[in-house]
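Overview (structure and organization)
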Amino acid sequence: MTTLKQSQGSVGTRILAFGAARGDLVVANDELVGPIDSSDEWIRQRTGIETRTRASEGVLALDLAVEASREAIAASGIAPELIDLVLVATISNVQQTPSLAAVLADRVGANPAAAYDLNAACAGYAYAIAQADALIRAGAGHYALVVGAEKLSDVVDPTDRSISFLLGDGAGAAVIGPSDDPGIGPTVWGSDGSKADAVGMNATLIDYREGRAEWPTLRQEGQTVFRWAVWEMVKVARKALDAAGVEPADLALFVPHQANMRIIDEFAKQLGLPDTVVVARDIATTGNTSAASIPLATHRALTEHPELSGGLSLQIGFGAGLVFGAQVVRLP
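Here is a short report on the structure shown in this document. Every chain is numbered independently, its residues counted from 1 as its sequence is written. For a predicted model such as this one, the threshold for reporting local features is a pLDDT of at least 70, and the threshold for listing and counting side-chain atom pairs is 80 or more; totals across whole chains, interfaces and linings nevertheless cover every residue. Hydrogens and water molecules were not included; the side-chain quantities draw on all heavy atoms of the structure.

**Observations regarding a nonpolar patch on the surface**
- Where nonpolar side chains cluster on the molecular surface, the patch consists of Leu205, Tyr208 and Trp215 and spans about 330 Å² of accessible area.
- Classification of Trp215 as partly exposed rests on a relative accessible area of 46%. Patch membership requires over 30% relative accessible area and the absence of a salt bridge. Like charges are linked within 9 Å, and nonpolar side chains (Val, Leu, Ile, Met, Phe, Trp, Tyr) within 5 Å. Areas reported as accessible are Shrake-Rupley estimates using a 1.4 Å probe. Residue values count occlusion only from the protein chains shown. The term salt bridge refers to a pairing of a side-chain nitrogen on Lys or Arg with a carboxyl oxygen on Asp or Glu at a separation within 4 Å. To sort residues, take the accessible area from a 1.4 Å probe on protein chains only and compare it with the maximum for the residue type: under 20% means buried, over 50% means exposed, and anything in between is partly exposed.

**Re the nonpolar core**
- Core analysis: the biggest nonpolar cluster contains 50 residues, and Leu251, Phe254, Phe267, Leu314, Ile316 and Phe318 have the highest contact counts within it.
- Helical segments are the DSSP runs of H or I of at least four residues, strand segments are the runs of E of at least two, and each set is numbered from the N terminus. Elements represented by at least two residues in this core include exactly α1 (33–36), α7 (222–244), α8 (261–271), α9 (283–286), β13 (312–319) and β14 (323–330).
- Residue contributions to this core peak at 10 residues, all from α7.
- Any two residues whose heavy atoms approach within 4.5 Å are treated as being in contact. Contacts of Phe318, omitting those with residues within four sequence positions, involve Cys122, Ala123, Trp228, Ala229, Met233, His257, Ala259, Ile263, Phe267, Val323 and Phe324.
- Formed by 31 residues, the second largest nonpolar core is a distinct cluster that contains Ala128, Ile129, Ile184 and Ala301. Joining through side-chain atoms within 4.5 Å is the link that ties buried Ala, Val, Leu, Ile, Met, Phe, Trp, Tyr and Cys residues into a set, and such a set is a nonpolar core.

**Digging into the environment of Val103**
- Its place among the elements puts Val103 in helix α4 (residues 100–107).
- Taking the C-alpha atoms as reference points, Val103 and Gln258, separated by 155 residues in sequence, lie 27 Å from one another.
- For Val103, the residues in contact, after removing those within four places along its chain, are Leu62 and Pro98.

**Section: the sheet that holds strand β4 (residues 85–89)**
- An order of β1-β7-β6-β4-β5 is seen for the five strands of this open sheet, with the pairing classed as mixed. For this open sheet the edge positions go to β1 (12–22) and β5 (114–118), each flanked by a neighbour on one side alone. Neighbour-to-neighbour, the strand axes of this sheet turn through a mean angle of 15°, independent of strand direction.
- Here β4 runs beside β5; their pairing, made up of five bridges, is parallel. Among the inter-strand pairings, Leu87 is bridged to a residue of β5, identified as Tyr116. Strands pair, by our definition, only if DSSP identifies at least two bridges between them. The axes used here are C-alpha line fits, helices contributing only the stretch in contact, and every angle between their N-to-C directions lies in the interval 0 to 180 degrees.

Written out as structure tokens, the structure is:
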């Protein structure tokens, strides 16, 4: 019988570099409060958001992804043609097909890389990191471009008090390559589809086509999501630390999904993080960018605190689905 060959890759993987792109518009709370009968003070107290970045009309999630990816590739020192995996986490690609990833691969010079989109909402980036790590170690690729890219302002109803004021636009990118030493810890991930109604689109495209609903937009049950994030996701974060063999004091950085400042602060408290750990709070001026929030927040933390380079970062994404994913990574 003929022996079948199987691919085998590197022992470990690591993140080589990050890139970021935020929407070109800075939108203050006062610009959004009229349609939701709210105030700047209410938004700041409830979410910690002071401003959010949004992209101008005509700018797509793809455009933001290209900008962030080009920065990450340049910083990595890896020639774009050596990238053979392109994974994009997004819920705001305006076309169901072709994938944003395939077009992005072409735009950044990575043709003919294997490319596909992931729809895991706010956990999408963590999911994509898990897949890139596994694919490279399995020998299915050599270098991966992982991107979280969103233009959420295109999929939100400005009169929706549950979520409209939270959302921003942006893209964060990371280049991942082989490593002799582990640079990406085990991923703890999963979902709870029984709570699918807590965050998601309020109608289907079929409902819209048949005239049974307005154009579908994002909405959420704020209290349900808040309780789930604070109490259940802390357990996931602890499991990710345990899986990586890391203690909270070993961390240099903590990057939770930038959903709500109160959630972030409670997270840090529940995990017992010492003062030596930098906690990412990019949400204050970027807003909630779903799949883009973790790489954007990491990029900002490294820019503002270059001493974090080489340290360990715990990152956790959670959101619509309800989907979650967490892992410890070594910063480039």
